[in-house]
6 protein chains.
Amino acid sequence: MRIAVINPNTTASMTQRIAVAARLAAAAGTDIIDRQPTVGPEAIEGPFDGALSVPGLLREIVAAERDGADAHIIACFDDTGLDAARAVASKPVIGIGEASFHAASLVAHSFCVVTTLSRSAPVIEDNIHRYGFSTRCRRVFATDIPVLELENPESGAFEKISSFIRQGLALGAEGVALGCAGMAAFAQDLQRTHGVPVVDGVSAAVGLAETLVRCGLSTSKSGVWATPARFHVLEKLS
Amino acid sequence: MRIAVINPNTTASMTQRIAVAARLAAAAGTDIIDRQPTVGPEAIEGPFDGALSVPGLLREIVAAERDGADAHIIACFDDTGLDAARAVASKPVIGIGEASFHAASLVAHSFCVVTTLSRSAPVIEDNIHRYGFSTRCRRVFATDIPVLELENPESGAFEKISSFIRQGLALGAEGVALGCAGMAAFAQDLQRTHGVPVVDGVSAAVGLAETLVRCGLSTSKSGVWATPARFHVLEKLS
Amino acid sequence: MRIAVINPNTTASMTQRIAVAARLAAAAGTDIIDRQPTVGPEAIEGPFDGALSVPGLLREIVAAERDGADAHIIACFDDTGLDAARAVASKPVIGIGEASFHAASLVAHSFCVVTTLSRSAPVIEDNIHRYGFSTRCRRVFATDIPVLELENPESGAFEKISSFIRQGLALGAEGVALGCAGMAAFAQDLQRTHGVPVVDGVSAAVGLAETLVRCGLSTSKSGVWATPARFHVLEKLS
Amino acid sequence: MRIAVINPNTTASMTQRIAVAARLAAAAGTDIIDRQPTVGPEAIEGPFDGALSVPGLLREIVAAERDGADAHIIACFDDTGLDAARAVASKPVIGIGEASFHAASLVAHSFCVVTTLSRSAPVIEDNIHRYGFSTRCRRVFATDIPVLELENPESGAFEKISSFIRQGLALGAEGVALGCAGMAAFAQDLQRTHGVPVVDGVSAAVGLAETLVRCGLSTSKSGVWATPARFHVLEKLS
Amino acid sequence: MRIAVINPNTTASMTQRIAVAARLAAAAGTDIIDRQPTVGPEAIEGPFDGALSVPGLLREIVAAERDGADAHIIACFDDTGLDAARAVASKPVIGIGEASFHAASLVAHSFCVVTTLSRSAPVIEDNIHRYGFSTRCRRVFATDIPVLELENPESGAFEKISSFIRQGLALGAEGVALGCAGMAAFAQDLQRTHGVPVVDGVSAAVGLAETLVRCGLSTSKSGVWATPARFHVLEKLS
Amino acid sequence: MRIAVINPNTTASMTQRIAVAARLAAAAGTDIIDRQPTVGPEAIEGPFDGALSVPGLLREIVAAERDGADAHIIACFDDTGLDAARAVASKPVIGIGEASFHAASLVAHSFCVVTTLSRSAPVIEDNIHRYGFSTRCRRVFATDIPVLELENPESGAFEKISSFIRQGLALGAEGVALGCAGMAAFAQDLQRTHGVPVVDGVSAAVGLAETLVRCGLSTSKSGVWATPARFHVLEKLS
């Protein structure tokens with residue numbers, strides 16, 4: 001099985017880190033193909049960056065299908081471009097945000113989300129509301145740690161994330177969804193420290209993609225995600 | 001006051017029709033500036049077209065602000081790109097879909113929506129859910145009349161729309177939102193025929209835009225719609 | 001265009017202040033006619049006062065229509081008597097509470113309300129729930145400043161309101177609706193101080209009323225707001 | 001125990017019928033005191049009649065308390081004036097609409113409502129939404145039988161109500177709330193015919209009132225239903 | 001009238017305390033029959049205990065019906081086994097959790113719940129969500145006082161419960177539901193101390209059971225609570 | 001990896017069919033261990049059967065953990081005993097009902113459920129509401145085909161299920177969840193016939209279980225699903 005993991009921003013180091021997390025979670029026999037657009041924002045911080053990453057993301061999905069991908073993962077916690085991607089792809093598409101919420105709700109009666117930027121929290125809240133997880137999610141916290149600082153051991157990222165997790169548990173959360181692909185490396189340690197399940201969206205999305213492929217399920221083409229009539233516009237926009 | 005009405009697709013005849021409706025609804029002293037992108041889909045039928053229209057739409061908003069617009073209207077019933085547009089603009093932005101729901105809920109205890117394409121209905125339903133109008137909207141109906149056929153007197157468009165309105169009223173709707181800018185010309189006749197308020201989104205959006213400007217209200221920049229840091233990406237994508 | 005702004009309580013100084021705010025927000029060519037009942041409560045503090053103000057309010061609406069009003073505004077943040085008023089009027093009716101929520105949700109992803117009395121907060125929360133704005137409103141705060149103290153510079157009203165706004169912003173609100181017609185004078189200063197949109201309901205209602213009139217939209221008479229059969233009862237109750 | 005059952009309209013025959021139903025349901029030792037206002041609408045058909053009945057209703061509540069009532073029932077399915085009544089009364093107040101929904105949800109996983117007038121259905125739907133019974137109620141049906149026709153054996157009322165009950169059961173309802181005090185006489189026969197619980201609101205309200213009195217529970221005065229400061233207005237309005 | 005009050009756990013002292021509360025609330029002429037299973041958990045702390053108490057509970061319900069019970073009360077705040085009990089019983093069944101929520105919402109615009117164990121709070125929250133009381137309940141608090149400590153005057157239980165009530169009132173609650181049958185003895189004192197209605201579920205359930213019996217209402221057998229086909233399994237499991 | 005698939009009823013032929021479906025969906029290297037209780041109902045038709053199957057189900061889970069299971073699947077579409085099972089297990093537990101809803105919502109904007117018995121539909125609707133999928137699920141249909149008839153080629157099961165799917169698609173559903181483990185054999189043919197994704201819960205649950213195990217995620221023990229203190233009761237009940 002071949003799964004395309006697409007980082008919708010143009011920062012190659014991020015793409016590499018995402019690919020590592022994806023490969024660790026994949027079953028034997030699953031190939032992870034990592035991809036990123038050639039143009040577009042270097043990071044996705046809010047709806048403007050999100051919207052501008054979509055044309056590049058869609059082109060990567062088209063290319064990945066041509067290369068034989070059996071499923072696609074959009075590796076941005078905002079699930080940027082998910083509807084458009086489902087329309088262009090013939091194979092299933094999963095966002096790492098939704099994957100986190102699905103996985104968290106299978107192991108935690110209620111959960112909290114810890115993300116990076118304040119300005120992304122409302123995007124995530126809108127998605128949670130739309131997907132139906134509002135009663136399961138106690139709060140979306142923003143640490144306001146810049147994404148690139150996550151790897152810096154001096155940034156105190158682990159402790160900052162931990163302090164929000166403690167707040168979430170005090171509100172009744174029984175699990176955590178890490179709201180940024182760059183936090184994946186902390187998941188296991190946080191899980192050990194806090195004694196509750198801590199979900200990394202990339203890993204969860206790999207499992208969900210494998211599940212859909214093995215079940216022979218793909219995106220419905222009967223409604224909102226029907227194949228678009230104007231593929232040519234995608235070429236013109238490059 | 002100067003209001004930019006932006007048709008996010010590239011069909012000039014549609015832009016003209018929208019501008020006519022907008023000018024009819026504007027107060028004395030309001031200038032309506034119509035705009036459309038130079039590249040992008042010719043019509044917005046589903047989330048793929050929607051996503052691909054956004055870069056062009058955002059450039060028109062930037063240009064309209066440079067030309068002194070006091071407010072912006074996105075003239076697509078799907079409210080395509082609304083969040084990204086609010087982030088790039090310093091002046092208020094209104095989608096004609098949301099404008100219709102706001103106006104309809106001020107004159108009808110509950111309403112129905114009559115739109116063109118089946119594949120757009122779920123996009124509209126998602127917006128209604130997200131904005132909070134789910135308890136006010138009885139049903140979103142799709143007539144499956146092609147947009148360009150709306151003007152053809154032989155298409156039977158008026159009678160088709162009427163038959164869905166009758167279904168909506170039987171479900172308890174007390175008003176109607178016309179779910180396509182191209183239906184504006186029918187609004188008054190439908191209102192007379194069915195004896196209930198029939199809302200055209202372009203007209204409603206003009207009034208709401210004037211309201212915000214006169215009240216000195218503009219998009220909050222404190223959260224999800226903060227000014228983006230990567231304006232340069234918009235240039236590169238053209 | 002002639003808009004009747006009806007203060008449902010019997011305090012003339014309040015009526016005058018409301019009229020000032022309405023005239024400031026009105027478009028050129030809009031006449032604001034202020035009215036107030038001759039009997040009824042001097043202030044509307046909770047559901048008892050609200051209920052007892054309705055007969056007087058309805059008589060003012062009937063009189064305003066006779067005088068040629070094109071639309072009516074109920075200038076109480078509780079939207080007292082809104083359904084009954086829509087039934088008696090042939091022209092559109094807007095409450096300043098609902099007007100605030102509509103306007104706030106066009107410029108703020110989520111907002112908070114700052115009102116005067118604790119006992120009115122549940123009335124406002126019920127309205128927000130009923131209109132569909134529950135997911136948009138983070139919290140309704142009561143300052144417990146008596147309405148008449150709002151004008152007293154020694155009351156510290158501005159700073160009290162400000163401290164609740166700060167709490168609301170900490171909860172993620174990106175805008176504010178001022179929950180009392182008497183707070184209108186603070187709106188601009190609060191907006192400047194906190195850097196987020198601050199909505200005054202009277203101004204917003206004027207714009208919405210103008211919008212409906214220009215769009216040729218009026219209250220649906222096909223359902224709950226149908227013209228009542230027992231107008232005579234209104235006469236007897238005076 | 002003394003329970004005041006207040007018919008908020010001025011039709012004495014209706015008051016008598018309501019009193020009969022209340023006495024049948026009362027426990028041994030419960031006195032039912034029936035009351036009706038001296039002025040106000042003869043029937044409550046929509047929000048205008050509802051609003052105009054409230055001053056008279058409130059005066060009856062004040063009088064009933066003076067006469068030693070331990071609890072009050074508002075015998076209109078729209079729960080007209082319930083909030084204002086709770087504010088003026090020191091003893092508990094129950095509406096027959098809410099009583100029906102509470103009772104129905106204890107014996108039916110989901111239920112439907114069969115009421116008289118189309119124009120009242122949205123009032124009932126709003127109440128159901130506000131009280132929290134939206135997921136329990138499948139549909140509110142209006143028979144459009146005039147209230148006074150309910151007693152006329154030639155009106156076919158029983159069969160008309162039955163046909164809506166059958167529709168409700170087909171939608172999954174497992175019980176019925178009769179949405180008009182005038183339908184009480186049919187309750188037992190309808191229950192036998194359809195084999196599902198059929199709730200009469202007056203009877204249910206009597207039981208709930210007795211329950212609150214025996215439990216020593218009365219309306220909270222700490223918030224929205226606090227005792228009003230302007231009782232004098234009630235006198236002036238008569 | 002004969003009402004079976006069934007304590008689903010096997011602790012006899014608890015059964016006695018519950019019976020005392022039930023008898024105090026019952027109308028003249030109501031016999032309270034207390035029952036408890038012979039096997040099963042001694043206390044119900046979370047879903048495992050809840051599930052294991054159900055077979056014993058169901059046998060008590062079958063026995064109570066044989067002994068002529070007119071209604072059944074499940075005296076566990078989690079409403080353990082309520083659906084299964086409604087299926088086996090031909091007479092109405094009420095849980096003390098749901099009874100509390102119904103009663104509280106008749107006397108308080110919004111309420112809070114104060115229960116014993118943290119691990120039970122999510123069970124209660126799920127029930128509140130399912131029954132439709134989510135908008136009425138501000139928060140479910142867990143005191144983490146062990147049930148048996150409630151009677152120990154040195155446990156400080158009264159003050160602990162009081163401190164959570166104060167928190168609830170600060171959040172806008174206007175009433176309290178005591179989330180454990182063992183707290184019934186505190187209800188009156190707490191009501192006096194805090195000046196808001198404090199609901200004991202056992203008393204409320206007795207009144208609701210009497211109400212249903214007097215109204216001639218019993219559980220619908222047309223749907224989910226239809227009489228089961230496999231009564232024999234209940235015998236085998238003992 | 002070892003996954004225990006537990007049929008909570010005592011019909012061995014059903015257990016075998018479920019095991020076949022599970023093995024077809026499992027990844028290479030996943031062992032499927034099928035189990036069923038020794039006592040309890042032969043089929044789960046409504047909440048009584050559901051409740052009585054739980055003690056046996058829990059014993060199978062305890063035994064499966066002793067045998068080294070890495071995850072557990074409850075193979076009943078009602079998700080019978082899911083909370084209690086999560087409490088006793090140290091490894092993750094998934095119900096096939098919830099698995100279906102999660103999978104369906106990843107490939108269909110909205111879906112319908114086609115189950116066997118009318119009396120089970122409300123159980124499924126309650127679960128959908130509780131999990132948060134209410135806005136995603138258009139309708140739960142009951143075919144009223146007895147479970148054992150599903151395999152009988154003369155029963156017309158395929159055509160009956162198909163006719164409900166057509167109704168669901170007409171309501172806007174874009175996918176289907178088959179609401180009974182016994183329908184798994186039809187999934188592929190139904191998918192081909194109707195051109196939309198058709199989800200079998202057993203297959204979906206296997207994928208989700210593998211996902212959780214590979215991600216190192218297990219049930220939170222910090223709250224409602226904490227390990228019970230009274231394991232001994234389970235022994236006594238056998």
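Refer to the structure presented above.
Note that this is a predicted model, so its numbers are computed, not measured.

**Things to note about the overall build of chain A**
Piece 1. Secondary structure summary: chain A contains nine helices and eight strands in total.
Piece 2. A globule of 238 residues ought to have a C-alpha radius of gyration of about 18 Å, and chain A, at 17 Å, matches this closely.
Piece 3. Projected onto its principal axes, the C-alpha positions of chain A cover 50 × 35 × 35 Å.
Piece 4. For chain A, with 238 residues in total, the buried portion stands at 69%.
Piece 5. For chain A, the share of sequence-separated contacts (at least 6 apart) that also reach a separation of at least 24 residues comes to 71%.
Piece 6. Counting every atom, chain A has about 7300 Å² of accessible surface; 52% of that belongs to carbon and sulfur.

**Points about the interface of chain D and chain E**
Piece 1. With 45 residues of chain D in contact, the opposing surface of chain E contributes 44 residues.
Piece 2. Interface of chain D and chain E: buried area, both sides summed, is about 3400 Å²; carbon and sulfur atoms make up 60% of it.
Piece 3. Linking chain D with chain E are two salt bridges.
Piece 4. R214(E) is paired through a salt bridge with E210(D); the nearest N and O atoms lie 3.6 Å apart.
Piece 5. The tally of links from chain D across to chain E stands at 13 residue pairs in polar contact (both at pLDDT 80 or more).
Piece 6. Where the side of chain D that touches chain E is concerned, the elements lending two or more residues are β4 (93–95), α4 (96–107), α5 (121–131), β8 (198–200) and α8 (201–214) of chain D.
Piece 7. The element best represented in the side of chain D that touches chain E is α8(D), accounting for eight residues.
Piece 8. Taken together, the residues that form the side of chain D that touches chain E break down as 23 nonpolar, 15 polar and seven charged.

**Some thoughts on unusual backbone geometry**
Piece 1. Phi at D144(A) is positive, roughly 55°, even though this residue is not glycine.
Piece 2. If you trace the backbone, D144(A) turns up in the loop between β6 (137–142) and α6 (157–170).

**So, the sheet that holds strand β4 (residues 93–95) of chain A**
Residue and element names in this part refer to chain A.
Piece 1. The strand order β2-β1-β3-β4 describes an open sheet built from four strands, whose pairing is parallel. With partners counted over all chains shown, the strands left at the sheet margins are β2 (31–35) and β4, one partner each. Each strand axis lies, on average, 25° off the axis of its neighbour in the sheet, ignoring direction.
Piece 2. Note that strand β3 (residues 71–74) and β4 share three bridges and pair parallel. Bridging across to β4, I73 finds its partner in I94.
Piece 3. Running over the sheet, helix α4 (residues 96–107) touches β3 and β4 and is turned about 75° from β4.
Piece 4. Contacts from helix α8 (residues 201–214) reach β1 (2–6), β2, β3 and β4 within the one sheet, and its direction differs from that of β3 by about 155°.

**Some words on the sheet that holds strand β7 (residues 175–179) of chain F**
All names here are of chain F.
Piece 1. Reading across the sheet, the four strands line up as β6-β5-β7-β8 and stay open at both edges, with parallel pairing between neighbours. The open sheet has two edge strands, β6 (137–142) and β8 (198–200), and neither has a second partner. The average angle at which neighbouring strand axes cross in this sheet is 20°, direction not considered.
Piece 2. When strand β5 (residues 111–115) meets β6, the two strands line up parallel, connected through five bridges. In the sheet register, V114 faces β6, and the bridge partner there is F141.
Piece 3. Against the sheet, helix α7 (residues 187–194) engages β7 and β8, with an angle of about 170° to β8.

**Overview of the interface of chain A and chain F**
Piece 1. Facing the 44 residues of chain A at the interface are 44 residues of chain F.
Piece 2. Of the roughly 3400 Å² buried between chain A and chain F on both sides combined, carbon and sulfur atoms contribute 60%.
Piece 3. Connecting chain A to chain F are two salt bridges.
Piece 4. Our enumeration of links across chain A and chain F arrives at 13 residue pairs in polar contact (both at pLDDT 80 or more).
Piece 5. When contributions to the side of chain A that touches chain F are tallied by element, the ones reaching two or more residues are β4, α4, α5 (121–131), β8 (198–200) and α8 of chain A.
Piece 6. Sort the elements by how many residues they give to the side of chain A that touches chain F and α8(A) lands first, with eight residues.
Piece 7. Split by residue class, the side of chain A that touches chain F holds 22 nonpolar, 15 polar and seven charged.

**Focus on the packing of aromatic side chains**
Residues and elements named next belong to chain C.
Piece 1. Following the criterion strictly, the structure yields 45 aromatic pairs over all chains and no others.
Piece 2. Summarising the aromatic geometry, the rings of F77 and F101 are spaced 5.6 Å apart at their centres and angled 90° between planes, so their arrangement reads as edge-to-face. Here F77 is found in the loop between β3 (71–74) and α3 (82–88), whereas its partner F101 is found in helix α4 (residues 96–107), with 24 residues between them in sequence. Each member of the pair F77 and F101 is classed as buried.
Piece 3. Aromatic pair F101 and F133: ring centres 6.0 Å apart, planes at 50°, arrangement tilted. Of the two residues, F101 is situated in helix α4 and F133 in the loop between α5 (121–131) and β6 (137–142); the sequence distance between them amounts to 32 residues.
Piece 4. Of the residues examined, F101 reaches a relative accessible area of 1% and is grouped as buried.

Criteria and cut-off values
- Residues numbered from 1 in each chain as written.
- Chains lettered and ligands numbered in written order.
- Predicted model: local features only at pLDDT ≥ 70, side-chain atom pairs only at ≥ 80, totals over all residues.
- Heavy atoms only, no water.
- Helix = DSSP H or I, 4+ residues; strand = E, 2+ residues; numbered from the N terminus.
- Rg over C-alpha atoms; globule rule 2.2 N^0.38 Å.
- Buried < 20%, exposed > 50% of the residue type's maximum accessible area, 1.4 Å probe, protein only.
- Contact = heavy atoms within 4.5 Å.
- Areas by Shrake-Rupley, 256 points an atom, 1.4 Å probe, with all protein chains shown as cover.
- Buried area = accessible area lost by both parts, 1.4 Å probe.
- Salt bridge = Lys/Arg side-chain N within 4 Å of Asp/Glu carboxyl O.
- Polar contact = N/O pair within 3.5 Å; in protein donor to acceptor, adjacent residues only side chain to side chain.
- Nonpolar A, V, L, I, M, F, W, Y, C, P; charged D, E, K, R; others polar.
- Pairing = 2+ DSSP bridges.
- Axes fitted to C-alpha atoms, helices over the stretch in contact; angles between N-to-C directions.
- Phe/Tyr/Trp six-rings, centres within 6.5 Å; stacked < 30°, edge-to-face > 60°.

Interpretation note: all reported values are geometric properties and have no functional meaning in isolation.
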